[in-house]
Amino acid sequence: TTLDPHVFVIFGATGDLARRKLFPGLYHLWHLGLLPERFRIIGSGRAAPGSQEEFRDMVHAAIEQFRGKLQDHGEWHEFAKRLGFVVASVDDGAELVEVVREAEQELGSNTQRLMYLAVPPAVAGPMVRMLGKFELHQRAKLVLEKPFGTDLQSARQLNVVLHEVFGEEQIFRIDHFLGKEAVQNILALRFANGLFEPQWNHQCVCYVQIDVPEEIDIQGRADFMESTGTFRDMISTHLFQLLGFIALEPPVRIDSQSLHEEKVKVFRGIRPLDPERIVFGQYEGYRNEEGVDAASNVETFVAMEVYIDNWRWFGVPIYLRTGKAMAESRRTITLGFREPPLKMFPEEVDDPCNELVLELTDDPQMFVDVRAKIPGPDLKLGRGRMKIDLLQEFPGSEPLEAYERLLLDVMRGDQTLFTSTEEVELLWRLTDPILAHRPEPVIYPRRSYGPQEALALTGEFRWRVPDA
Ligand code: BG6
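Residues numbered from 1 in each chain as written. Predicted model: local features only at pLDDT ≥ 70, side-chain atom pairs only at ≥ 80, totals over all residues. Heavy atoms only, no water.

On to the sheet that holds strand S10 (residues 318-323), then. Strand order in the open sheet formed by nine strands is S14-S13-S12-S11-S7-S10-S9-S8-S15, with mixed pairing between adjacent strands. With one partner strand each, in any of the chains shown, strand S14 (380-389) and strand S15 (442-444) form the two edges of the open sheet. Going across the sheet, the axis of each strand differs from the next one's by a mean of 20 degrees, ignoring polarity. As defined by bridge partners, strand S7 (residues 205-213) adjoins strand S11 (residues 332-337) across six bridges and the pair is classed as antiparallel. What sits directly across from Asp211, in S11, is Thr332. (Pairing = 2+ DSSP bridges. Helix = DSSP H or I, 4+ residues; strand = E, 2+ residues; numbered from the N terminus. Axes fitted to C-alpha atoms, helices over the stretch in contact; angles between N-to-C directions.)

Below, the structure written as structure tokens:
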């Protein structure tokens, strides 16, 4: 590749995200030849996980667990040579800065730094100050995990601290849903085709659903869930970002600035959320999970209705739903289309209207359900499907995992698929009132689609998932 040499510093290197996504992702990028030729990876945290050798073993185990068995031992050793651990904390970066400078001496004077803060929101601010104090911010790109702050006020404070140390062009606020292949494909579908955009509005669309049920429960992440909750973890971040891509106006071009401008307009247009149209849920047994308060009323599920008061979307209900310990794992976006003005087929089946469905799984698919004539002597109708399966359609293509794609974008300095200060603040402004008066969560059974109240939320339109 033509990328400048990089020193990657991963804070929170022994944490869940680093083990699940970051190390496996960096390894895979390297394997594909997409990392810069010259690089170092420095894991960091408050305490070393044992010797350097033990740290490398931990990374090796994480890659095998989350990316699959490593076949080529020689290849792993090549990678591991560039990997080490250095202790650093919010007050002390002395050793880290030394190790980073040594690495830069070896890699060359054009070396860039990539600092990844895989740490809880409360630690982000103090970390950034530390980076400034030890001059680790120079020639650096900074990646921050979501949620960005925990409300409008803390997000603003964090932005102030950030801007004392970094320029906005150095800051990458990650929302990994935007790195998913199928999400970028929303832009292609809408703006590289003439067919869809004329229908993409309130005149033709009668509802939108963004549905992300998850089978996994909290999987031992009690601390995280208790302090964050599903609303902050998923709704005010991932699901609203998806909504941004579905709802935005055609940007003047597909670049960072234009897309951010259009997303901001969408978020500004969202009607204040109606607490009556939001259902919080908690799965049965959550309070017995280890580390969870026995009286916890943290939500593990949210379903809600949203309206965008602009010319395009006025009056179209948009339903969002996500939760843990649900019946299946899906990431499904559905646009329901209005019925034709006249019913002229006598035996027309009383089925749902036309739906355009985007399945944002690792095997991304798009399809439209249409009524069609069943071949035969009578004019009988059935439902058929026009479908495109992206991996089949483009065999040999090399899909990247969301974090891989986004890490690559950070190296290239491309902020298109990241969230801006303004977006983040607008979303907190919208969601703060809900978090200040949190609805009481309704208990729902494991392996269900959420509480009854949530199922009823869509009224005359059913939830598209589970598939009929
Ligand atoms: C993370 C959330 O950001 O996204 C998790 O913290 C959630 O709670 C995860 O499970 C879902 O991501 P993906 O890529 O597995 O759909």
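A word on the site of the ligand. Taken together, the neighbourhood of the ligand is formed by Lys146, His176, Phe177, Lys180, Glu214, Ile216, Arg221, Asp233, Met234, His238, Lys324 and Arg331. At 2.6 Å from an oxygen atom of the ligand is found a side-chain nitrogen or oxygen belonging to Lys146. One of the side-chain nitrogen or oxygen atoms of Arg331 is found 2.9 Å away from an oxygen atom of the ligand. Contact with the protein chains covers 82% of the free accessible surface of the ligand, which is 390 Å². (Near = heavy atom within 4 Å. Polar contact = N/O pair within 3.5 Å; in protein donor to acceptor, adjacent residues only side chain to side chain. Areas by Shrake-Rupley, 256 points an atom, 1.4 Å probe, with all protein chains shown as cover.)

Mapped onto the present numbering, the UniProt feature "active site" (unreviewed entry) falls on His238. By secondary structure assignment, the location of His238 is in helix H8 (residues 222-247). His238 sits in the buried class, given a relative accessible area of 2%. At a separation of 3.4 Å, a polar atom in the side chain of His238 contacts the side chain of Lys146. (UniProt positions renumbered as here; feature names shortened; annotations may be inferred. Buried < 20%, exposed > 50% of the residue type's maximum accessible area, 1.4 Å probe, protein only.)

The buried count for strand S1 (residues 6-11) comes to six of six residues, which makes it a mostly enclosed element. Covered by surrounding structure in S1 are His6, Phe8 and Ile10 together with Val7, Val9 and Phe11, the residues of both alternating faces. In the sheet, S1 pairs with strand S4 (residues 112-117) via six bridges, with the strands oriented parallel. When the sheet's bridge partners are listed, Val9 is paired in S4 with Met115. In the sheet, S1 pairs with strand S2 (residues 39-45) via six bridges, with the strands oriented parallel. Note on S2: the bridge partner recorded for Phe8 is Ile41.

What follows covers the packing of helix H1 (residues 16-31) against helix H11 (residues 402-412). To characterise two packed helices, one gives the angle between the axes of the helices and the distance between these axes. The interhelical angle for the contact between H1 and H11, taken along N-to-C directions, is 65 degrees, at an axis separation of 9 Å. The angle between the axes of H1 and H11 places the two elements in the roughly perpendicular class. Crossing hand, H1 versus H11: right-handed. Touching Leu17, Lys21, Leu22, Pro24, Gly25, Leu26, His28 and Leu29 of H1 are Tyr403, Glu404, Leu407, Leu408 and Met411, all from H11. (Parallel < 35°, antiparallel > 145°, perpendicular 65-115°, else oblique. Left-handed = near helix turned anticlockwise from the far one by under 90°. Contact = heavy atoms within 4.5 Å.)

Enumeration according to the criterion identifies 15 aromatic pairs in this entry. Geometrically, the ring pair formed by Phe23 and Phe55 is edge-to-face, given 5.9 Å between the ring centres and 75 degrees between the ring planes. Placement of the pair is Phe23 in helix H1 and Phe55 in helix H2 (residues 52-67), with a sequence separation of 32 residues. The exposure class assigned to Phe23 is buried, which follows from its relative accessible area of 0%. Relative to Trp30, the ring of Tyr27 has its centre 5.8 Å away and its plane inclined at 55 degrees; by these criteria the two rings are tilted. Here the residue Tyr27 and the residue Trp30 both occupy positions in helix H1, the gap between them amounting to three residues, near one helical turn. Accessibility classification places Tyr27 together with Trp30 in one group, the buried group. In textbook terms, an aromatic cluster arises when at least three aromatic residues are bridged by ring pairs, as seen for Phe8, Tyr27, Trp30, Phe39, Trp76 and Phe79. Over the face of the ring belonging to Phe148 we find Arg173, whose NZ or CZ atom lies 4.9 Å from the ring centre. Positioned above the aromatic ring of Phe177, the side-chain terminus of Lys180 is 4.8 Å from the ring centre. (Phe/Tyr/Trp six-rings, centres within 6.5 Å; stacked < 30°, edge-to-face > 60°. Lys NZ or Arg CZ within 6 Å of the ring centre and 35° of its normal.)

The next point concerns the packing of helix H7 (residues 181-191) against H8. Look at H7 against H8: their axes get within 9 Å of each other, and the N-to-C directions meet at 15 degrees. Regarding the angle of H7 to H8, the classification is roughly parallel. Seen along the crossing, H7 lies across H8 with a hand that is right-handed. For the pair H7 and H8, the contacting residues are Val183, Ile186, Leu187 and Arg190 in the first and Leu242, Phe245, Ile246 and Ala247 in the second. For the contact of H7 with H8, the class distribution of residues is seven nonpolar, no polar and one charged. (Nonpolar A, V, L, I, M, F, W, Y, C, P; charged D, E, K, R; others polar.)

This paragraph deals with the sheet that holds strand S6 (residues 171-173). What links the strands of a sheet is backbone hydrogen bonding, and the strands pair in either a parallel or an antiparallel sense. Read across the sheet, six strands follow the order S3-S2-S1-S4-S5-S6 without closing on themselves; strand pairing throughout is parallel. In this open sheet, the two edge strands, each paired with only one partner strand, are strand S3 (83-87) and S6. Going across the sheet, the axis of each strand differs from the next one's by a mean of 20 degrees, ignoring polarity. Where helix H5 (residues 121-133) meets the sheet, it contacts S1, S4 and strand S5 (140-144), and its direction lies at approximately 155 degrees from that of S4.

Taking 1.5 Å per residue, 14 residues should reach 20 Å; helix H9 (residues 256-269) reaches 20 Å between its end C-alpha atoms and fits that length. Looking at H9, one finds that the buried residues are Ser256, Ser258, Leu259, His260, Glu262, Lys263, Val264, Val266, Phe267 and Gly269. Against the buried residues of H9 lie H7, H8 and helix H12 (421-436). (Expected span 1.5 Å × (residues − 1).)

What follows concerns the side chain of Ser236. Its location among the elements puts Ser236 in helix H8. When residues no more than four places from it in sequence are discounted, the contact partners of Ser236 are Phe231, Leu427, Trp428 and Thr431.

It is worth spelling out the side chain of Gln241 at this point. Turning to its location among the elements, Gln241 is positioned in helix H8. In contact with Gln241, not counting residues within four places along its chain, are Asp175, Leu178, Lys263, Phe267, Thr419, Glu423 and Leu427.

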